[in-house]
Structures are given as structure tokens and as C-alpha cells.
Amino acid sequence: MKSYKLLKLYLTGIFTVVFLGMLIISTYAVGPGLDNALEISTSALNAQKMRMNVIADNIANVDTTLTSEGGPYRRKTVVLRTREFLRGRGLASNVRNAGGVLGGVQAVAVVEDNETPLTTIYDPAHPQADVNGYVRYPNVNMTEELVDMTQASGAFESNVIVFNNTKQMMQTALEIGR
């Protein structure tokens, strides 16, 4: 359990440093096309950071049989959706039809997985065992969490590459203009 908390702390630190650095750079970006690419990458980095935090919580609570709500921990997932915007011109009712620009992705909610059944194990010595000796464990599947973590990490890395390539294109364009 302690190693999972250290993992979460480590991942949060790395993603926060990278994300903040990119956010600062995108704030000073010029040009509507490349600026939009920076904002899309930044929003995706933020979404993947949130996914990694939720995955780390799931891993850390894989054996939590009693939460403050009174039952076993339930797996959580992040709900993502596209974000649309018109930078500096206000939001239109239907941005895509109004000639607006797609603005990346945003995390809209963290939801509990109430559809996947909890795992029930016979352990009459466990303090949370029911009258029949069964303990209800969280519906967290470590294999699934590790696959999700790998996917989120890969998406994060891909967006770092896109961000850095966009930044390089902006620097090259500024050098050409000299």
C-alpha cells in the first residue's frame, strides 16, 4: 500500500512539473494555428494527468474493504469529452458550425464503476467478514489498471512530443521572420 502511495506521489510530481512548464510556454505562444495546437496538447496532458491520478487511487485501494462511505472501495474512471472554444471572441452556441476551433479535451467527471461486481472471498477471520464469513473486496482489477496506466502514460508522452514539435515549429517560424 505504501509503495502505491509513493508511486502516486512520484507520478503526480512528474506530470505536474511537465504540465506547468508546458502551460507557461503555451501562454506566450503566438499564431492562431500553432497556439491552438499547444492548447490542445496542454488540455490532453491535463486529462492524462487526471487519469493517472485516478488509476493510482484505484491501485492504492485494491484491498480496501471499508471506506468512509461504509462499503468496499469501488473502481473509479475519468470521463473525457472534447472541448470547443473561440479564443478571445467568446463562445458560440455551436462552435463547430460557427467556424470555431476545437479546443482539445477536458475531464468532466470521475465516476465510480457500479456495474462491475465486487469480489467476494471467504475469509471468516477478516474483520469485515459478514455473518457467513465472506469479505467483499473492491472491483479493481490490477491487470486492467496497469493497462490503463500504460495507455495514459503513452498518451501523455505523445502529447509531450506534439507540444515540443509545435514549439519547435513556432521557433523556426520566428527565425525565418528575422
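Residues numbered from 1 in each chain as written. Predicted model: local features only at pLDDT ≥ 70, side-chain atom pairs only at ≥ 80, totals over all residues. Heavy atoms only, no water.

Comments concerning the overall build of the chain
- If you tally the helices and strands in the chain, you get three helices and four strands.
- Going through the 178 residues of the chain one by one, you find that 34% of them count as buried.
- Sequence-distant contacts in the chain: of pairs separated by 6 or more residues, those separated by 24 or more amount to 64%.
- Accessible area of the chain: about 10900 Å², with a carbon and sulfur share of 57%. (Helix = DSSP H or I, 4+ residues; strand = E, 2+ residues; numbered from the N terminus. Buried < 20%, exposed > 50% of the residue type's maximum accessible area, 1.4 Å probe, protein only. Contact = heavy atoms within 4.5 Å. Areas by Shrake-Rupley, 256 points an atom, 1.4 Å probe, with all protein chains shown as cover.)

Regarding helix α3 (residues 142–176)
- Taking 1.5 Å of rise per residue, 35 residues should cover 51 Å, and α3 covers 51 Å from first to last C-alpha, within 8% of that figure.
- Burial in α3 covers these residues: Glu 145, Asp 148, Met 149, Ala 152, Phe 156, Asn 159, Val 160, Phe 163, Thr 166 and Met 170.
- If you check the start of α3, you find a side-chain oxygen 2.9 Å away from the backbone N of Thr 143, and it comes from Asn 141. (Expected span 1.5 Å × (residues − 1). Polar contact = N/O pair within 3.5 Å; in protein donor to acceptor, adjacent residues only side chain to side chain.)

Overview of the pattern of salt bridges
- Tallied over the full model, the rule gives four salt bridges.
- Among the ionic pairs, Arg 75 bridges to Glu 144, the shortest N-O distance being 3.2 Å. Taken together, the residues span a long stretch of sequence, with Arg 75 in the loop between α2 (32–60) and β1 (76–85) and Glu 144 in helix α3 at a distance of 69 residues.
- In this structure, Asp 148 and Arg 75 form a salt bridge, with 2.7 Å as the shortest nitrogen-oxygen distance. (Salt bridge = Lys/Arg side-chain N within 4 Å of Asp/Glu carboxyl O.)

Let's talk about the side chain of Glu 145
- Residue position: Glu 145 is located in helix α3.
- A distance of 3.2 Å separates the side chain of Glu 145 from the side chain of Asn 58, its partner in a polar contact.
- Contact partners of Glu 145, with chain neighbours within four places excluded, come to Ile 55, Asn 58, Ile 59, Arg 75 and Val 140.

A short note on the packing of aromatic side chains
- A full pass over the atoms with the stated rule returns one aromatic pair.
- With a centroid separation of 5.3 Å and 65° between ring planes, the pair formed by Tyr 122 and Tyr 134 is classed as edge-to-face. Taken together, the residues Tyr 122 in strand β3 (residues 119–122) and Tyr 134 in strand β4 (residues 134–137) connect sequence positions 12 residues apart.
- Judged by its relative accessible area of 52%, Tyr 122 falls in the exposed class. (Phe/Tyr/Trp six-rings, centres within 6.5 Å; stacked < 30°, edge-to-face > 60°.)

Some details on a nonpolar patch on the surface
- Together, Val 79, Val 108 and Val 111 line one region of the surface with nonpolar side chains, adding up to about 180 Å² of accessible area.
- Following the sequence through the fold, Val 79 ends up in strand β1.
- On the accessibility criterion, Val 79 (33% relative accessible area) is partly exposed. (Patch = residues over 30% accessible without salt bridge, like charges linked within 9 Å, V, L, I, M, F, W, Y side chains within 5 Å.)

Section: the pairing of β4
- Burial along β4 is one-sided: the face carrying Val 135 and Tyr 137 is buried and the face carrying Tyr 134 and Arg 136 is not.
- Sheet topology note: the β3/β4 ladder contains four bridges and is antiparallel. When the sheet's bridge partners are listed, Thr 119 is paired in β4 with Tyr 137. (Pairing = 2+ DSSP bridges.)

Examining the environment of Ala 56
- Relative to the elements of secondary structure, Ala 56 occurs in helix α2.
- Accessibility expressed as a relative area gives 2% for Ala 56, which makes it buried.

Description of the nonpolar core
- Counting five residues, the largest nonpolar core is built from Met 52, Ile 55, Ile 59, Met 149 and Ala 152.
- Broken down by secondary-structure element, the contributors of at least two residues to this core are α2 and α3.
- The element best represented in this core is α2, accounting for three residues. (Core = buried A, V, L, I, M, F, W, Y, C linked by side-chain atoms within 4.5 Å.)

Some words on the confidence of the model for the chain
- Here the chain averages 79 in pLDDT, and 71% of its residues register 70 or above.
- This stretch, residues 20–31, has a pLDDT under 50; its non-local contacts, to residues over four places away or in other chains, come to 17 contacts.
- With pLDDT under 50 throughout, residues 88–98 is counted as low confidence; its partners more than four residues away or in other chains account for 13 contacts. (pLDDT = per-residue confidence, 0-100.)

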